[in-house]
Amino acid sequence: MSNLLLDAEALYLELKRGVQRLLTADTALVGIWSGGAWLAERLAADLGLGPVGVISSALHRDDFGSKGLSGAADHTKLPFDVNGRDVLLIDDVLYTGRTTRAVINELFDFGRPARVQLAVLVDRGGRELPIEPGFSAARVNLPADQKLRLARALDGQFSFEVQ
């Protein structure tokens, strides 16, 4: 699969439409570090939403022993009380579900949300855990040895890197 087959900007517009349908009056956006955080920040600006949270999976990963903190442990910033809130997690690529599981564990370290939903730019299947997004802009199949990564240019435009 080449970069030309996935138009990240077009998928972003689809994600924005999907996120609008998931929003309630009490929804807080929380982007998963790093691609999900970029998406959440842009969504909040485009949709006129309040402050955006950023959450890292580093402290709750099941592969912590082999990956370590990877510099992301201090990236969790939730500028609002999560207790009783509807939290909409935003991520760039959903694959096995392990990052989402770790992020939910991290989120509950800060309180007990009323509801947690997930919206992703791309769902690439291959789940190892029973986690499904409430919305995904696209679903693609890639070989297990390939990685799909969101990139952000200096002007804020999104693209994909396939490795």
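Look up a bit, the structure's there.
This one's a predicted model, so the numbers in the text were calculated from it and none came from an experiment.

A word on the overall build of the chain. Scanning the chain from terminus to terminus reveals four helices and seven strands. Expected size for 163 residues packed as a compact globule is a radius of gyration near 15 Å; at 15 Å, the chain falls within 12% of this value. Overall, the chain is about 40 × 40 × 30 Å in size when its C-alpha atoms are taken along their principal axes. Looking at the chain as a whole, 49% of its 163 residues qualify as buried. Considering only intrachain contacts with a sequence separation of at least 6, the fraction spanning at least 24 residues in the chain is 68%. Taken as a whole, the chain presents about 8,100 Å² of accessible surface, with 51% of it coming from carbon and sulfur. Each charge class in the chain was averaged separately, 18 positive and 21 negative side chains, and the resulting centres sit 2 Å apart.

A word on the pairing of strand β1 (residues 27-32). Taking burial as the measure, the six residues of β1 include six buried ones, the bulk of the element. Residue alternation in β1 divides its side chains into two sets, Thr27, Leu29 and Gly31 and Ala28, Val30 and Ile32, and both sets are buried. As paired elements, β1 and strand β3 (residues 86-94) share five bridges and run parallel to each other. From the neighbouring strand, Leu29 faces β3, where its bridge partner is Leu88. For the crossover that starts at β1, traverses helix α2 (residues 35-47) and ends in the parallel strand β2 (residues 53-55), the hand is right-handed.

Looking at the element boundaries, Leu39 is found in helix α2. Separated by 23 residues in the primary sequence, Leu39 and Lys16 have C-alpha atoms spaced 9.3 Å apart. If we ignore the near neighbours within four places in the chain, the residues touching Leu39 are Tyr12, Leu15, Ile90, Asp91, Asp92, Leu121, Leu150 and Phe158.

Turning our eyes to something else, we now look at the packing of helix α1 (residues 8-22) against α2. It is at 11 Å that the axes of α1 and α2 come closest, and there the two elements cross at 65°. As α1 runs across α2, the sense of the crossing is right-handed. Here Glu9, Tyr12, Leu15, Lys16, Val19 and Gln20 of α1 lie close against α2, whose contacting residues are Leu39, Arg42, Leu43, Asp46 and Leu47. A per-class count over the contact of α1 with α2 returns six nonpolar, one polar and four charged.

This next bit is on the environment of Leu78. By secondary structure assignment, the location of Leu78 is in the loop between α3 (64-67) and β3. Note on Leu78: relative accessible area 16%, which makes it buried. The contacts of Leu78, once residues within four sequence positions are left out, are Val30, Gly53, Val54, Leu107 and Phe110.

In this structure, Ala138 sits in strand β5 (residues 135-139). Relative accessible area serves as the criterion here: at 16%, Ala138 is assigned to the buried category. When the C-alpha atoms of Ala138 and Ala8 are compared, they prove to be 10.0 Å apart, with 130 residues separating the residues in sequence. Residues in contact with Ala138, not counting those within four places in the same chain, are Leu11, Leu121, Val122 and Asp123.

Scoring rules and cut-offs
Residues numbered from 1 in each chain as written. Predicted model: local features only at pLDDT ≥ 70, side-chain atom pairs only at ≥ 80, totals over all residues. Heavy atoms only, no water. Helix = DSSP H or I, 4+ residues; strand = E, 2+ residues; numbered from the N terminus. Rg over C-alpha atoms; globule rule 2.2 N^0.38 Å. Buried < 20%, exposed > 50% of the residue type's maximum accessible area, 1.4 Å probe, protein only. Contact = heavy atoms within 4.5 Å. Areas by Shrake-Rupley, 256 points an atom, 1.4 Å probe, with all protein chains shown as cover. Lys, Arg positive; Asp, Glu negative; His and termini not counted. Charge placed at Lys NZ, Arg CZ, Asp CG, Glu CD. Pairing = 2+ DSSP bridges. Right-handed = clockwise from strand over helix to strand, strands pointing away. Axes fitted to C-alpha atoms, helices over the stretch in contact; angles between N-to-C directions. Left-handed = near helix turned anticlockwise from the far one by under 90°. Nonpolar A, V, L, I, M, F, W, Y, C, P; charged D, E, K, R; others polar.

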